[in-house]
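# Examining the three-dimensional arrangement
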Amino acid sequence: MESYQLKNGTKVFQYGLPIETKAVIAPKRKMKLKCDLDVKFQKDGTTISIELLSEDRIYGLGENLGGINKRGRIYESYCTDTPSHIEDREKLYSAHNFFIVSGKVVRGYFIDFPGRITYDMGYYNQKDINIKIYGQNFYIYILEGKDEKEVSSKFLEIIGKSYVPPKWGFGYFQSRWGYRNKEEVKKVYKTFKENDIPIEGIYLDLDYMDNFKDFTISQERFSGFKEFVEDLKKEGIYLIPIIDAGVKVENGYDIYEEGMKGDYFCKDKEGKPYEGVVWPGKVHFPDFMKKETQSWFGDKYQKLTDSGIEGFWNDMNEPAIFYEQEALEKAVEYAQKKLKNKNLDVFSYFKLKDNFTSLANRDSYYKNFYHEIDGKKVCNEKVHNLYGYFMTKSTYEALRKILKGKRFLLISRSSSIGMHRYGGIWTGDNSSWWFHLEQNMKMLPSLNMCGFFYIGADTGGFGGNCNGELLTRWLQLSIFTPLLRNHSAMGCNNQEPYAFTKKVLKNTRNLIKARYSLIPYIYSEYMKSVNHYHLMFQPLSFEFKDVLAKEIEDQILLGDQVMIAPVCAPNYKGRYVYFPEEMLEISFMHPKKMIGIRKKGIHYINYRLEDLKFFIRKNAMIPYVKSCKNLKELDQKNLKILAYVDNEAIYNLYDDDGISYDFIKGKRFSTRIKIIKKENNYEIKVHNTNPSIKNIEFKIIDSENHITEKDISFINKNQ
Ligand code: MIG
């Protein structure tokens with residue numbers, strides 16, 4: 001075993017000869033270190049056990065179901081296309097192998113291994129974490145710190161800065177699988193406009209393609225694509241097309257033919273391109289582990305960027321496989337044999353049925369194809385969790401070149417740590433279930449801990465039929481998530497904000513407007529989190545150390561200044577909220593009566609469908625502006641500040657041009673606001689380098705509920 005230390009003190013233990021995933025980018029220095037982990041090698045893998053004390057809590061593991069506290073459940077890292085996120089689902093589309101155990105001491109663990117890992121987080125045995133790594137070559141990173149914040153920060157530091165979308169990526173996006181043609185897409189936009197609902201863009205699902213072929217456009221449904229893209233862009237609307245991992249096997253299809261000629265596809269046991277079946281029928285999977293494939297496939301995105309496209313979503317990149325030809329044939333054969341002149345008993349019937357229903361994403365398929373890594377053949381199973389990561393990395397690298405210095409929107413369904421530097425993720429095919437709204441919230445801090453910041457769930461739910469109440473409640477959460485997208489599956493009821501009653505339309509419109517008002521805060525918190533390796537969404541327990549705060553699972557902190565507590569069940573007019581400290585309750589939709597201090601403790605909070613509630617922490621503030629129809633029209637001239645100041649509050653409002661990468665070189669704007677409470681007044685100091693801000697309107701509340709209003713005007717001079 002080799003061991004290393006990273007600059008920030010992280011310890012690294014190397015077992016065997018791991019595959020380099022480049023999840024961590026911090027350089028490592030060889031150093032003799034002792035590993036106190038209980039690591040056991042077995043024939044079929046490695047097990048690690050970690051003792052759990054009764055007070056220990058577990059955080060992290062990114063995209064997974066379960067609580068904010070991950071204890072008491074089983075999880076698996078093996079990226080899979082999971083259409084139904086039921087309560088006991090152990091794995092989803094991504095593999096995020098970082099977790100923190102927090103009790104008397106706080107420790108972070110990252111297992112850098114691209115194959116299957118299972119975690120029993122104190123499920124069978126409450127006193128133990130039992131991890132099984134399906135291999136013997138991996139790195140384990142151990143991070144220590146005084147608290148969860150420090151440990152998660154250290155981890156974010158070693159895996160490198162997260163992907164940053166353009167500012168317009170923070171707008172509202174509408175999506176649906178089944179907007180059949182460009183007229184329908186235009187109509188969606190028109191309806192948003194007519195109903196005065198802000199919108200930034202529309203996602204294009206499989207419908208735009210010709211026969212599910214990547215980088216093609218259906219001439220029947222989306223002819224004149226370039227003009228269509230440009231027309232909408234003139235209105236400020238971006239189109240975001242989907243790209244699938246599998247390439248259709250079809251003579252005459254240029255991508256297929258180039259892929260064959262260039263030897264860019266994954267191979268089967270015999271060395272022929274591996275064949276699976278997905279949307280287009282038979283497909284080959286680009287071998288993203290090969291440099292040549294990465295740049296070949298990446299460059300193909302230009303076919304769409306040439307039409308003015310500046311954003312993509314990479315789908316089915318676990319990769320999802322509906323079936324293998326052979327497996328289907330076997331199932332059919334079995335059925336024919338069983339059915340012929342026979343009276344099926346119930347067990348044979350189940351077996352027959354299962355033969356068909358279990359065809360998708362079988363473990364055996366992933367043993368049947370191979371990648372080429374540094375000239376060596378490696379079975380997919382061994383590097384399974386890297387597929388979506390490397391697909392998205394190749395998209396990112398190509399788009400950086402193609403779009404020159406312009407930022408672009410990029411999300412992927414499958415990911416593992418490392419991919420966070422190249423794109424965001426949506427959390428896959430959830431359902432229009434209340435429980436998934438709650439899961440959405442719980443997942444946010446875990447995703448941040450694993451480096452993913454540009455995140456969001458399908459608002460309203462992907463599968464199933466959403467109703468107006470659920471959509472409204474969901475938006476009350478989603479307007480705080482960096483990626484805000486309402487998306488739904490083909491075949492289910494429409495769920496655009498206008499698809500329900502007038503009342504729902506009014507409420508959802510106001511919520512989306514509120515999102516645009518809050519952009520200064522959301523963007524600022526996003527960028528500061530990424531730049532300074534902080535979490536944007538935190539469990540309460542990371543900030544407050546009392547017993548209750550540690551157990552709160554249905555409220556989280558958003559940035560430095562705000563706590564949110566969405567309603568996640570039907571029929572409620574409010575809910576109980578725990579205040580770990582005094583906070584200012586905001587009814588954002590009712591500016592006149594939106595203010596009230598809540599004392600530390602548990603309070604019942606009215607939370608109507610018409611409202612947007614959040615809570616400003618003590619000695620904190622939030623910036624906002626008037627709403628706009630899309631981010632091109634964002635007007636920050638008149639910045640507003642809502643503050644709760646008991647003695648002194650400071651806020652650094654971050655901003656930049658929103659489209660270039662100049663922020664990396666330090667081209668950023670800052671508005672530093674300091675409010676100090678004096679005897680009967682406030683002293684306000686502002687240091688502003690943001691030329692778009694000309695005036696700041698303050699509304700300051702103290703713990704006695706006294707409201708003070710002030711106005712500060714300045715034309716780009718420091719105060
Ligand atoms: O097998 O492209 O998660 O967002 O609408 C389903 C159709 C394939 C899965 C994605 C979903 C998308 C859908 N896709």
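Notes on the structure follow. (Residues numbered from 1 in each chain as written. Predicted model: local features only at pLDDT ≥ 70, side-chain atom pairs only at ≥ 80, totals over all residues. Heavy atoms only, no water.)

## Overview of the overall build of the chain
Summing up its helical and strand segments, the chain has 15 helices and 43 strands in all. Projecting the C-alpha coordinates of the chain onto the three principal axes gives extents of approximately 90 × 65 × 55 Å. Counting only residues that meet the buried cut, the chain has 63% of its 719 residues in that class. When contacts within the chain are restricted to residue pairs at least 6 apart in sequence, those whose partners lie at least 24 apart make up 71%. Taken together, the 108 basic and 95 acidic charged side chains of the chain have centroids lying 2 Å from each other. (Helix = DSSP H or I, 4+ residues; strand = E, 2+ residues; numbered from the N terminus. Buried < 20%, exposed > 50% of the residue type's maximum accessible area, 1.4 Å probe, protein only. Contact = heavy atoms within 4.5 Å. Lys, Arg positive; Asp, Glu negative; His and termini not counted. Charge placed at Lys NZ, Arg CZ, Asp CG, Glu CD.)

## A closer look at the pairing of strand β43 (residues 707-713)
Pairing of strand β42 (residues 695-701) with β43, which is carried by 7 bridges, proceeds in the antiparallel orientation. In the sheet register, Ile696 faces β43, and the bridge partner there is Ile712. Remark: 5 residues form the turn of the hairpin made by β42 and β43, two consecutive strands paired antiparallel; Asn705 in that turn has positive phi of roughly 70°. (Pairing = 2+ DSSP bridges.)

## Concerning a nonpolar patch on the surface
On the surface, Val346, Phe347, Tyr349 and Phe350 cluster together into a nonpolar patch covering about 430 Å² of accessible area. Among the structural elements, Tyr349 can be located in helix α8 (residues 346-357). (Patch = residues over 30% accessible without salt bridge, like charges linked within 9 Å, V, L, I, M, F, W, Y side chains within 5 Å. Areas by Shrake-Rupley, 256 points an atom, 1.4 Å probe, with all protein chains shown as cover. Salt bridge = Lys/Arg side-chain N within 4 Å of Asp/Glu carboxyl O.)

## Observations concerning the pairing of strand β40 (residues 669-677)
When strand β39 (residues 648-655) meets β40, the two strands line up antiparallel, connected through 8 bridges. Across the sheet, Leu653 pairs through a bridge with Thr671, a residue of β40. With 7 bridges connecting them, β40 and strand β41 (residues 682-688) associate as antiparallel partners. Residue Thr671 lies in a different strand from β41, and its bridge partner there is Asn688. The turn joining β40 and β41, which pair antiparallel and follow one another in sequence, is formed by 4 residues.

## A short note on the pattern of salt bridges
Inspection of the entire model under this criterion finds 64 salt bridges. Across the salt bridge formed by Glu76 and Arg116, the nearest N and O atoms sit 2.4 Å from each other. Taken together, the residues span a long stretch of sequence, with Glu76 in strand β7 (residues 73-77) and Arg116 in the loop between β10 (106-112) and β11 (117-121) at a distance of 40 residues. Each member of the pair Glu76 and Arg116 is classed as buried. Each of Asp81, Asp315, Glu318, Arg413 and Asp429 takes part in a single network of salt bridges with overlapping partners.

## A closer look at the site of the ligand
If you check the shell around the ligand, you find 14 residues, and the closest are Asp205, Asp315, Arg413, Asp429 and His487. The separation between an oxygen atom of the ligand and a polar side-chain atom of Trp279 is 3.2 Å. Within the side chain of Asp429, an N or O atom sits 2.5 Å from an oxygen atom of the ligand. If the ligand stood free it would expose 350 Å²; the protein chains cover 96% of that surface. (Near = heavy atom within 4 Å. Polar contact = N/O pair within 3.5 Å; in protein donor to acceptor, adjacent residues only side chain to side chain.)

## A closer look at the sheet that holds strand β37 (residues 620-624)
Taken in spatial order, the 4 strands of this open sheet run β37-β38-β42-β43, and their pairing is mixed. Whereas interior strands pair on both sides, the edge strands pair on one side only; in this sheet they are β37 and β43. Looking at each pair of strands side by side, their axes are set apart by 20° on average, direction ignored. Inspection of the sheet shows strand β38 (residues 638-644) paired to β42 by 7 bridges, in the parallel sense. In the sheet register, Ile641 faces β42, and the bridge partner there is Phe698. (Axes fitted to C-alpha atoms, helices over the stretch in contact; angles between N-to-C directions.)

## Points about the side chain of Asn355
Mapped onto the elements of the fold, Asn355 is located in helix α8. Here Asn355 falls in the buried class, since its relative accessible area comes to 19%. Setting aside its immediate chain neighbours within four residues, Asn355 contacts Ala331, Tyr334 and Arg362.

## Quick look at unusual backbone geometry
Here the amide bond leading from Glu318 into Pro319 is cis, since omega sits at -10°, within 30 degrees of zero. Along the chain, Pro319 turns up in the loop between β20 (311-315) and α7 (325-339). Of note in the backbone geometry, Phe212 takes a positive phi value of approximately 65° without being a glycine. Structurally, Phe212 can be placed in the loop between β15 (201-204) and α3 (225-234). Looking at Phe212, the relative accessible area reads 28%, which means it is partly exposed. Positive phi outside glycine occurs at Met316, with the angle close to 55°. For Met316, a relative accessible area of 5% puts it in the buried group.

## Comments concerning the side chain of Thr671
Residue placement: Thr671 occurs in strand β40. Residue Thr671 is classed as buried on the basis of its relative accessible area of 0%. A distance of 2.8 Å separates the side chain of Thr671 from the side chain of Asn688, its partner in a polar contact. Residues in contact with Thr671, not counting those within four places in the same chain, are Tyr651, Asn652, Leu653, Val686, His687, Asn688, Asn690, Ile693 and Ile696.

## A word on the packing of aromatic side chains
With the rule as written, the count across this model stands at 59 aromatic pairs. When the centroid spacing of 3.6 Å and the interplanar angle of 5° are considered together, the rings of Trp168 and Tyr238 count as stacked. Placement of Trp168 in the loop between α1 (148-159) and β14 (172-174) and of Tyr238 in strand β16 (residues 238-244) is noted, with a sequence separation of 70 residues between them. With a relative accessible area of 6%, Trp168 lands in the buried category. Using a relative accessible area of 9% as the deciding quantity, one classes Tyr238 as buried. Above the ring of Tyr4, the side-chain terminus of Lys28 is found at 5.2 Å from the ring centroid. The aromatic ring of Tyr607 is capped on one face by Arg473, whose charged end is 5.4 Å from the ring centroid. (Phe/Tyr/Trp six-rings, centres within 6.5 Å; stacked < 30°, edge-to-face > 60°. Lys NZ or Arg CZ within 6 Å of the ring centre and 35° of its normal.)

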